[in-house]
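If you want the building blocks of each chain, they are given just below.
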Amino acid sequence: MSDTLSIRVDNVSVTYRTSFEKAPTLRSTMLRLGRREGVIREIEALRGVSFQIPHGTVLGVVGANGAGKSTLVRTVAGILPPTDGRVEVRGRVSTLLALGVGFSKDLSGRENVVLGGLAAGLTRDQLAEKYDEIVEFAELGDFMDLPMRTYSSGMYGRLAFSVAVNMDPDILLIDEALSVGDARFRKKSFEKMRELCGQARTIVLVSHSMGSISELGDQAIWMHRGEMRMWDEPEAVIDAYTRFLDVKRDAATTREDV
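Quantities reported herein were computed from a predicted structural model and do not represent experimental measurements.

Trainee: With reference to specific residues and values, describe the overall build of the protein chain.
Mentor: A tally of helices and strands in the protein chain yields 8 helices and 9 strands. Burial status across the protein chain gives 42% buried among its 258 residues. Partitioning the intrachain contacts of the protein chain with sequence separation of at least 6 by distance along the chain shows that 71% fall at a separation of at least 24. A total of about 13,500 Å² of accessible surface is found on the protein chain, and carbon and sulfur atoms cover 48% of it.

Trainee: Go over the environment of Thr18, please, and point to the residues and values.
Mentor: For Thr18, the position within the fold is in strand 1 (residues 5-19). Residue classification places Thr18 among the partly exposed residues on the basis of a relative accessible area of 31%. It is 5.3 Å that separates the C-alpha atoms of Thr18 and Arg41, two residues lying 23 residues apart in sequence.

Trainee: With reference to specific residues and values, describe the packing of helix 5 (residues 153-165) against helix 6 (residues 183-197).
Mentor: The interhelical angle for the contact between helix 5 and helix 6, taken along N-to-C directions, is 15 degrees, at an axis separation of 12 Å. Relative to helix 6, helix 5 is oriented roughly parallel. Read as a crossing pair, helix 5 and helix 6 show a hand that is left-handed. Together, Arg158, Phe161 and Val165 of helix 5 and Phe185, Ser189, Lys192, Met193 and Leu196 of helix 6 make up the contact between the two elements.

Trainee: Lay out the sheet that holds strand 8 (residues 219-224) with the relevant residues and their values.
Mentor: Here we have 6 strands laid out as an open sheet, ordered 5-6-7-3-8-9, and mixed in their pairing. Either end of the sheet is taken by a strand with one partner, and the two such strands are strand 5 (93-96) and strand 9 (227-232). Strand-to-strand twist of the sheet, defined as the mean angle between neighbouring strand axes without regard to direction, takes the value 15 degrees. Across 5 bridges, the pairing between strand 8 and strand 9 is antiparallel. Within strand 9, the residue paired with Met223 across the bridge is Met228. Against the sheet, helix 8 (residues 234-245) makes contact with strand 3 (58-62), strand 8 and strand 9, and its axis sits at roughly 25 degrees relative to strand 8, the strand it touches most.

Trainee: Before we move on, can you summarise helix 6 with the specific residues and values?
Mentor: Under the 1.5 Å per step criterion, the end-to-end length of helix 6 is 21 Å for 15 residues, consistent within 8% with the ideal 21 Å. Within the span of helix 6, buried status applies to Phe185, Ser189, Phe190, Lys192, Met193 and Leu196. For helix 6, the buried positions fall inside an angular range of 160 degrees around the axis, keeping them on one side. Turned more than 90 degrees from where helix 6 packs its buried face, Ala183, Arg184 and Lys187 sit exposed.

Trainee: Go over the environment of Phe185, please, and point to the residues and values.
Mentor: Along the chain, the position of Phe185 falls in helix 6. In sequence terms Phe185 and Phe137 are 48 residues apart; their C-alpha atoms lie 9.1 Å from each other.

Trainee: Can you break down helix 5 residue by residue, with the values?
Mentor: For helix 5, with 13 residues, the first-to-last C-alpha span of 18 Å sits near the 18 Å given by 1.5 Å per residue. A large share of helix 5 lies buried, amounting to 11 of its 13 residues. Of all the positions in helix 5, only Met155, Tyr156, Gly157, Arg158, Leu159, Ala160, Phe161, Ser162, Val163, Ala164 and Val165 are classed as buried. Tucked inside the fold, the buried residues of helix 5 contact strand 5, helix 3 (109-119), helix 4 (124-138), strand 6 (171-175) and helix 6.

Trainee: Go over the packing of aromatic side chains with me, naming the residues and quoting the values.
Mentor: Under the criterion given, the structure shown has 9 aromatic pairs. Ring geometry for Phe137 against Phe161: centres 5.9 Å apart, planes inclined by 25 degrees, an arrangement best described as stacked. With Phe137 in helix 4 and Phe161 in helix 5, the pair connects residues that are 24 residues apart, well separated along the chain. With a relative accessible area of 12%, Phe137 lands in the buried category. Aromatic side chains Tyr151 and Tyr156 sit 6.3 Å apart centroid to centroid with 75 degrees between the ring planes, which places their arrangement in the edge-to-face category. With a relative accessible area of 8%, Tyr151 lands in the buried category. Lying over the aromatic face of Phe185, Arg158 brings its terminal NZ or CZ to 5.7 Å of the ring centre. Lying across the ring of Phe137, Lys188 places its NZ or CZ 4.6 Å from the centre.

Basis of the calculations
Residues numbered from 1 in each chain as written. Predicted model: local features only at pLDDT ≥ 70, side-chain atom pairs only at ≥ 80, totals over all residues. Heavy atoms only, no water. Helix = DSSP H or I, 4+ residues; strand = E, 2+ residues; numbered from the N terminus. Buried < 20%, exposed > 50% of the residue type's maximum accessible area, 1.4 Å probe, protein only. Contact = heavy atoms within 4.5 Å. Areas by Shrake-Rupley, 256 points an atom, 1.4 Å probe, with all protein chains shown as cover. Axes fitted to C-alpha atoms, helices over the stretch in contact; angles between N-to-C directions. Parallel < 35°, antiparallel > 145°, perpendicular 65-115°, else oblique. Left-handed = near helix turned anticlockwise from the far one by under 90°. Pairing = 2+ DSSP bridges. Expected span 1.5 Å × (residues − 1). Arc of directions from axis to C-beta. Phe/Tyr/Trp six-rings, centres within 6.5 Å; stacked < 30°, edge-to-face > 60°. Lys NZ or Arg CZ within 6 Å of the ring centre and 35° of its normal.

Following this line, the structure appears as structure tokens:
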């Protein structure tokens with residue numbers, strides 16, 4: 001991979017195999033169990049996706065629910081192996097993929113920060129330097145020493161966001177996570193994203209907010225039914241996507257609801 005690239009996705013496909021039967025009857029179930037048979041269905045979550053992201057580029061990813069956006073980001077993160085194709089990543093990756101992913105509810109916020117930092121490749125000394133910054137940004141105070149099962153969803157999201165953005169990542173992968181917390185915290189999160197974008201970080205941002213993609217992104221891709229339908233500048237992709245949805249670009253489509 002070229003030294004100028006952070007991420008290269010080359011003809012990547014991901015296929016899930018799952019058990020499935022439409023409206024099974026008792027007779028068909030008993031027969032299948034007797035024969036030790038199962039109904040297997042293959043779901044093509046991604047099909048032949050290819051793109052490259054240069055260092056310091058913010059790539060927005062748009063698409064309807066079920067389009068393959070989350071599968072794509074998880075494949076880039078190394079969580080899901082591609083069925084076909086190849087993914088190459090250069091640099092330390094920090095991920096914010098879903099509410100509380102990677103956290104243990106039985107551990108305290110403090111312990112989860114330590115585990116998350118070590119998993120991201122930081123040393124204990126580096127974690128000690130970062131800890132106060134993480135806690136201050138998340139605004140959790142004494143809750144950091146309580147088990148995370150006592151946290152509200154907003155508290156979960158605030159800590160997850162704070163850990164992800166304060167680990168000094170080379171590459172940051174965010175899946176629909178800019179709307180955590182109350183309005184004040186969302187504003188602070190967006191300002192932090194602006195700061196990271198200005199530091200030549202490579203960022204992949206999955207969002208239903210066209211406003212976030214437009215303001216933060218350098219490039220954008222539109223995913224549709226597992227395929228990359230378009231890869232261009234954010235304004236061009238957003239215009240094509242909103243026309244496809246037959247909605248106008250207004251205050252409603254700039255929120256996290258398209």
